[in-house]
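The chain contents come next:
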Amino acid sequence: MYVCVCKGVTDHQIRQQVSDGARSWREVREATGCATQCGKCACYAKSITRDAVQEARQEADMGLAYAV
(Lines give C-alpha, C1' and ligand atoms only; values in the text may rest on other atoms or scores of the structure.)
Protein backbone atom coordinates (compact mmCIF):
# COMPACT_ATOMS: atom_id res chain seq x y z
CA MET A 1 0.00 0.00 0.00
CA TYR A 2 1.21 3.50 -0.71
CA VAL A 3 2.27 5.32 2.45
CA CYS A 4 3.78 8.42 0.82
CA VAL A 5 1.91 9.49 -2.29
CA CYS A 6 4.23 12.46 -2.89
CA LYS A 7 7.31 10.23 -3.26
CA GLY A 8 5.57 6.98 -4.21
CA VAL A 9 6.81 5.03 -1.18
CA THR A 10 5.02 1.83 -0.16
CA ASP A 11 4.92 -0.02 3.14
CA HIS A 12 6.83 -2.84 1.42
CA GLN A 13 9.68 -0.45 0.55
CA ILE A 14 9.87 0.74 4.16
CA ARG A 15 9.99 -2.85 5.46
CA GLN A 16 12.61 -3.68 2.83
CA GLN A 17 14.83 -0.84 4.05
CA VAL A 18 14.62 -2.23 7.57
CA SER A 19 15.36 -5.70 6.23
CA ASP A 20 18.40 -4.23 4.46
CA GLY A 21 19.73 -2.83 7.74
CA ALA A 22 17.99 0.48 8.48
CA ARG A 23 17.30 0.74 12.20
CA SER A 24 15.78 4.20 12.55
CA TRP A 25 13.15 6.40 10.97
CA ARG A 26 15.90 8.77 9.88
CA GLU A 27 17.67 6.03 7.91
CA VAL A 28 14.41 4.94 6.25
CA ARG A 29 13.45 8.54 5.42
CA GLU A 30 16.86 9.28 3.88
CA ALA A 31 16.80 6.09 1.81
CA THR A 32 13.23 6.39 0.53
CA GLY A 33 12.48 10.12 0.60
CA CYS A 34 9.31 9.34 2.52
CA ALA A 35 7.82 12.35 4.38
CA THR A 36 10.29 14.79 2.84
CA GLN A 37 7.73 16.74 0.85
CA CYS A 38 4.39 17.47 2.56
CA GLY A 39 5.00 15.29 5.65
CA LYS A 40 1.42 14.05 6.08
CA CYS A 41 2.58 10.44 5.92
CA ALA A 42 5.24 10.77 8.62
CA CYS A 43 3.25 9.36 11.56
CA TYR A 44 2.11 6.28 9.69
CA ALA A 45 5.51 5.70 8.09
CA LYS A 46 7.21 5.99 11.50
CA SER A 47 4.76 3.44 12.87
CA ILE A 48 5.54 0.99 10.07
CA THR A 49 9.27 1.54 10.60
CA ARG A 50 8.95 1.02 14.36
CA ASP A 51 7.02 -2.24 13.88
CA ALA A 52 9.46 -3.52 11.25
CA VAL A 53 12.49 -2.73 13.44
CA GLN A 54 10.86 -4.47 16.40
CA GLU A 55 10.16 -7.55 14.25
CA ALA A 56 13.76 -7.55 12.99
CA ARG A 57 15.09 -7.38 16.55
CA GLN A 58 12.83 -10.24 17.65
CA GLU A 59 14.04 -12.36 14.74
CA ALA A 60 17.63 -11.60 15.68
CA ASP A 61 16.96 -12.52 19.31
CA MET A 62 15.37 -15.81 18.27
CA GLY A 63 18.54 -16.76 16.45
CA LEU A 64 20.60 -16.13 19.57
CA ALA A 65 18.36 -18.34 21.70
CA TYR A 66 19.75 -21.43 19.98
CA ALA A 67 23.39 -20.42 19.77
CA VAL A 68 25.85 -22.62 21.58
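Remember, it's a predicted structure, so these values are computed and weren't measured experimentally.

(A) Examining the UniProt feature "domain: BFD-like [2Fe-2S]-binding" (unreviewed entry) in the protein chain more closely. As recorded in UniProt, the sites labelled "domain: BFD-like [2Fe-2S]-binding" (unreviewed entry) are residues 2-46. As a span, residues 2-46 carries 49% helix and 11% strand, and end to end its C-alpha atoms are 14 Å apart.

(B) Local environment of unusual backbone geometry. Within the chain, A35 stands out as a residue other than glycine whose phi angle is a positive 65°. Structurally, A35 can be placed in the loop between α2 (25-32) and α3 (42-65). With relative accessibility at 18%, the residue A35 sits in the buried group.

(C) How the structure looks around α2. Where α2 is concerned, the buried positions are W25, V28 and T32. The buried residues of α2 all sit within an arc of 65° when viewed along its axis, so they share a single face. Looking at α2, the residues exposed on the side facing more than 90 degrees away from the buried face are R26 and E30. A positive backbone phi angle near 85° is found at G33, which sits one or two residues after α2.

(D) Spatial organisation of the nonpolar core. Ranked by size, the top nonpolar core spans 17 residues in total, and within it I14 and C34 carry the most contacts. With six residues, α3 is the largest single contributor of residues to this core. Among all residues touching I14, those that are not within four sequence positions of it are V3, V9, V28, C34, A45, I48 and T49.

(E) Fine view of the side chain of T10. Note on placement: T10 falls in strand β2 (residues 9-10). Every residue in contact with T10, bar those within four places of it in the chain, is listed here: M1, Y2 and V3.

(F) Broad picture of the side chain of T32. The topology assignment puts T32 in helix α2. A polar atom in the side chain of T32 sits 3.1 Å from the backbone nitrogen of C34. In this structure, T32 is in contact with V9 and Q17, ignoring residues within four places of it in sequence.

About the cut-offs
Residues numbered from 1 in each chain as written. Predicted model: local features only at pLDDT ≥ 70, side-chain atom pairs only at ≥ 80, totals over all residues. Heavy atoms only, no water. UniProt positions renumbered as here; feature names shortened; annotations may be inferred. Helix = DSSP H or I, 4+ residues; strand = E, 2+ residues; numbered from the N terminus. Buried < 20%, exposed > 50% of the residue type's maximum accessible area, 1.4 Å probe, protein only. Arc of directions from axis to C-beta. Core = buried A, V, L, I, M, F, W, Y, C linked by side-chain atoms within 4.5 Å. Contact = heavy atoms within 4.5 Å. Polar contact = N/O pair within 3.5 Å; in protein donor to acceptor, adjacent residues only side chain to side chain.

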